[in-house]
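# Survey of secondary and tertiary structure
One-letter residues, chain by chain:
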There are 2 protein chains.
Amino acid sequence: MISLPQSLRRIIKELAELPSIGPRQATRIAFHLVSKGSQRIAGLSSSLKELSNIKTCKACYFIFDSAGDLCEICANPQRDQTLIMVVEKETDLISLENTNKYKGRYFILGEMPKTGLLEDWQKERLASLKKSILNLPGKVAKEIILALNPTSIGDFHASILIRELADLTPKLSRLGRGLPSGGEIEFADDETLGSALQSRG
Amino acid sequence: MISLPQSLRRIIKELAELPSIGPRQATRIAFHLVSKGSQRIAGLSSSLKELSNIKTCKACYFIFDSAGDLCEICANPQRDQTLIMVVEKETDLISLENTNKYKGRYFILGEMPKTGLLEDWQKERLASLKKSILNLPGKVAKEIILALNPTSIGDFHASILIRELADLTPKLSRLGRGLPSGGEIEFADDETLGSALQSRG
């Protein structure tokens, strides 16, 4: 076996720990970085360091870098604070927010473990959500939307969250199911077509 | 559109420029890093910085971090300096070296452009290879192996390199073609089976 420099081996190991990067891709990226030279590497290194300025919103756990404790959305008085959408990932929030169709606030719970057993930090997040709802006038949220994936594992996760959140709102909803825009009926699966029939209008 | 912190946007952009990472995966990785906290980010940032200690071998362009101008292989007096294997990528060199079947030296030309037109830096590398061969006793290499992919684009690239290197060696070879070990005849394509028949023994 050829011995690679230790610094290269370390960066390959660290890259391979990032989401959806395997050891082979990590090796390719590491060699790519080395071939780009020290200036490019220093640039990426300092860009990374600047990430540590990013804060996490005390209310919804989205990221932000402005002053205060709250992100842009939670700090916005025009957003309905009694309408809450629970999402798993920051990227889900971004996709939903980019529709420009939602005027409530979000809550990032983190990716649900496959087992359905919430991690301790997720329990802490849920506790803080409950506390914030109990601080609302009336002590309930108008509606909580569970924006989980429309899959059977998403349904399972939703059933767990419904148990946790049922006392905090009169209306627990999920995102509507049906045909994706731009799709064709011919290629839709049974489940999707069934949902599309049910949610017709 | 939601506005992300500038430092996050910058790192997403830089990550998306790495080989085989798209913008969506770059975004996921960036959020993953932020969620891992500043200690982890600082760790990756400093690991990256240490990459700049890595040097490139003056002879074969492989990387190394020991003293001197030559990598482990080129500096090894037990390797046959008159037997040269031309590879495109560092990772090709690693795979071939790990077979423990080769006792010559390597030469990294960089990935061949699809057009077959060598980049200027590749022309410089080839010029340095030619110079090093002309410094050998007899002014020729015993053999030059073109370790390019066994594909039609690899064949095309080989034809270009044969033109460049024909004067420098009496023997220009390519890696043998045939059935991959562990494969099944039933699933082999015509081209592979044809090569396997030709190279039988």
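Small disclaimer: the values here were computed from a predicted structure and weren't measured.

### Remarks on the overall build of chain A
Each helix and strand counted, chain A has 7 helices and 6 strands in total. In terms of overall dimensions, chain A is more spread out than a globule: its C-alpha atoms have a radius of gyration of 21 Å, far above the 17 Å expected for 201 residues. In terms of overall dimensions, chain A has a C-alpha envelope of 60 × 50 × 30 Å along the principal axes. Expressed as a percentage of its 201 residues, the buried residues of chain A come to 44%.

### Digging into the relation of the copies chain B and chain A
When chain B is fitted to chain A, the residual RMSD is 0.0 Å, and the transformation amounts to a turn of 180 degrees plus an axial shift of 0.0 Å. The operation mapping one copy onto its partner corresponds to a two-fold rotation axis. If distances are taken from each C-alpha of chain B to the rotation axis, the shortest is found for Ser45(B), at 2.3 Å. Both copies present the same face, since 100% of the interface residues in chain B are matched by interface residues at the equivalent positions in chain A.

### Digging into the pattern of salt bridges
Tallied over the full model, the rule gives 21 salt bridges over all chains. The residue Glu17(B) makes a salt bridge to Arg40(A) at a minimum N-O spacing of 3.5 Å. You can see Glu17(B) sitting in the loop between helix 1 (6-16) and helix 2 (23-36) and its partner Arg40(A) sitting in helix 3 (residues 38-50), one on each of two chains. A salt bridge links Glu143(B) to Lys171(B), with the shortest nitrogen-to-oxygen separation between them at 3.6 Å. With Glu143(B) in strand 5 (residues 143-147) and Lys171(B) in the loop between helix 6 (152-165) and strand 6 (172-174), the pair connects residues that are 28 residues apart, well separated along the chain.

### Description of the sheet that holds strand 4 (residues 104-108) of chain A
All names here are of chain A. With parallel pairing, the 4 strands of this open sheet are ordered in space as 4-3-5-6. At either end of the open sheet lies a strand with only one pairing partner, and these are strand 4 and strand 6 (172-174). When strand polarity is set aside, the average angle formed by the axes of neighbouring strands in this sheet is 30 degrees. Two strands pair when backbone bridges link them, and strand 3 (residues 80-87) and strand 4 are joined in this way by 5 bridges, in the parallel orientation. When the sheet's bridge partners are listed, Val87 is paired in strand 4 with Ile108. With respect to the sheet, helix 4 (residues 90-97) is in contact with strand 3, strand 4 and strand 5 (143-147), its orientation differing from that of strand 4 by roughly 160 degrees.

### A few points about the packing of helix 2 of chain B against helix 3 (residues 38-50) of chain B
All names here are of chain B. One can describe the packing of helix 2 onto helix 3 by two numbers: an axis separation of 5 Å at closest approach and a directional angle of 120 degrees. As the angle between them shows, helix 2 and helix 3 are arranged oblique. Listed contacts from helix 3 to His32, Leu33, Val34 and Lys36 of helix 2 are Arg40, Ile41 and Leu44.

### Side note on the sheet that holds strand 3 (residues 80-87) of chain B
Paired through backbone hydrogen bonds, the strands of a sheet run either parallel or antiparallel to each other. Residues and elements named next belong to chain B. A sheet is described by the order of its strands in space; here 4 strands give the open sequence 4-3-5-6, paired in parallel fashion. One side of each edge strand has no neighbouring strand; the edge strands of this open sheet are strand 4 (104-108) and strand 6. Each neighbouring strand pair of the sheet contributes to a mean axis angle of 30 degrees, computed without reference to strand direction. Examined bridge by bridge, strand 5 and strand 6 share 3 bridges and lie parallel to one another.

### Looking at helix 7 (residues 190-198) of chain B
Side chains three or four residues apart in an α-helix point the same way, a direct result of the helix having 3.6 residues per turn. Residues and elements named next belong to chain B. Among all positions of helix 7, only Thr192, Ser195 and Ala196 are buried. Projected down its long axis, helix 7 carries its buried residues within an arc of 100 degrees, all on one side. Of the exposed residues in helix 7, those oriented more than 90 degrees away from the buried face are Asp190, Glu191, Leu197 and Gln198.

### Remarks on the packing of helix 5 (residues 120-134) of chain A against helix 6 (residues 152-165) of chain A
All names here are of chain A. For the pair helix 5 and helix 6, interaxial distance at closest approach is 11 Å and the crossing angle is 45 degrees. Regarding the angle of helix 5 to helix 6, the classification is oblique. For the pair helix 5 and helix 6, the sense of crossing is right-handed. The segment helix 5 lies against helix 6, with Leu126, Leu129 and Lys130 engaging Leu161, Glu164 and Leu165. Partitioned by chemical class, the residues of the contact of helix 5 with helix 6 number 4 nonpolar, no polar and 2 charged.

### Observations regarding the side chain of Glu88(A)
Residues and elements named next belong to chain A. Among the secondary structure elements, Glu88 is positioned in the loop between strand 3 and helix 4. Buried within the structure, Glu88 lacks any salt-bridge partner; its nearest side chain of opposite charge belongs to Lys89, at an N-O separation of 5.3 Å. For Glu88, the side chain forms a polar contact with the main-chain nitrogen of Met112, separated by 2.6 Å.

### Focus on the interface of chain B and chain A
Listed as interface residues are 50 residues of chain B and, on the opposing side, 50 residues of chain A. Across the interface of chain B and chain A, roughly 5000 Å² is buried in total on both sides, 67% from carbon and sulfur atoms. The largest contributions to the chain B side of the interface with chain A come from Ile2(B), Leu48(B) and Leu51(B), which together make up 13% of the buried area. On inspection of chain B and its partner chain A, the count reaches 4 salt bridges. Here chain B and chain A share 13 residue pairs in polar contact (both at pLDDT 80 or more) between them. Broken down by element, the side of chain B that touches chain A gets its largest block of residues, 10 residues, from helix 3 of chain B.

Quick notes on the rules
Residues numbered from 1 in each chain as written. Chains lettered and ligands numbered in written order. Predicted model: local features only at pLDDT ≥ 70, side-chain atom pairs only at ≥ 80, totals over all residues. Heavy atoms only, no water. Helix = DSSP H or I, 4+ residues; strand = E, 2+ residues; numbered from the N terminus. Rg over C-alpha atoms; globule rule 2.2 N^0.38 Å. Buried < 20%, exposed > 50% of the residue type's maximum accessible area, 1.4 Å probe, protein only. Least-squares fit on C-alpha atoms with pLDDT ≥ 70 in both. Contact = heavy atoms within 4.5 Å. Salt bridge = Lys/Arg side-chain N within 4 Å of Asp/Glu carboxyl O. Pairing = 2+ DSSP bridges. Axes fitted to C-alpha atoms, helices over the stretch in contact; angles between N-to-C directions. Parallel < 35°, antiparallel > 145°, perpendicular 65-115°, else oblique. Arc of directions from axis to C-beta. Left-handed = near helix turned anticlockwise from the far one by under 90°. Nonpolar A, V, L, I, M, F, W, Y, C, P; charged D, E, K, R; others polar. Lys, Arg positive; Asp, Glu negative; His and termini not counted. Polar contact = N/O pair within 3.5 Å; in protein donor to acceptor, adjacent residues only side chain to side chain. Buried area = accessible area lost by both parts, 1.4 Å probe.

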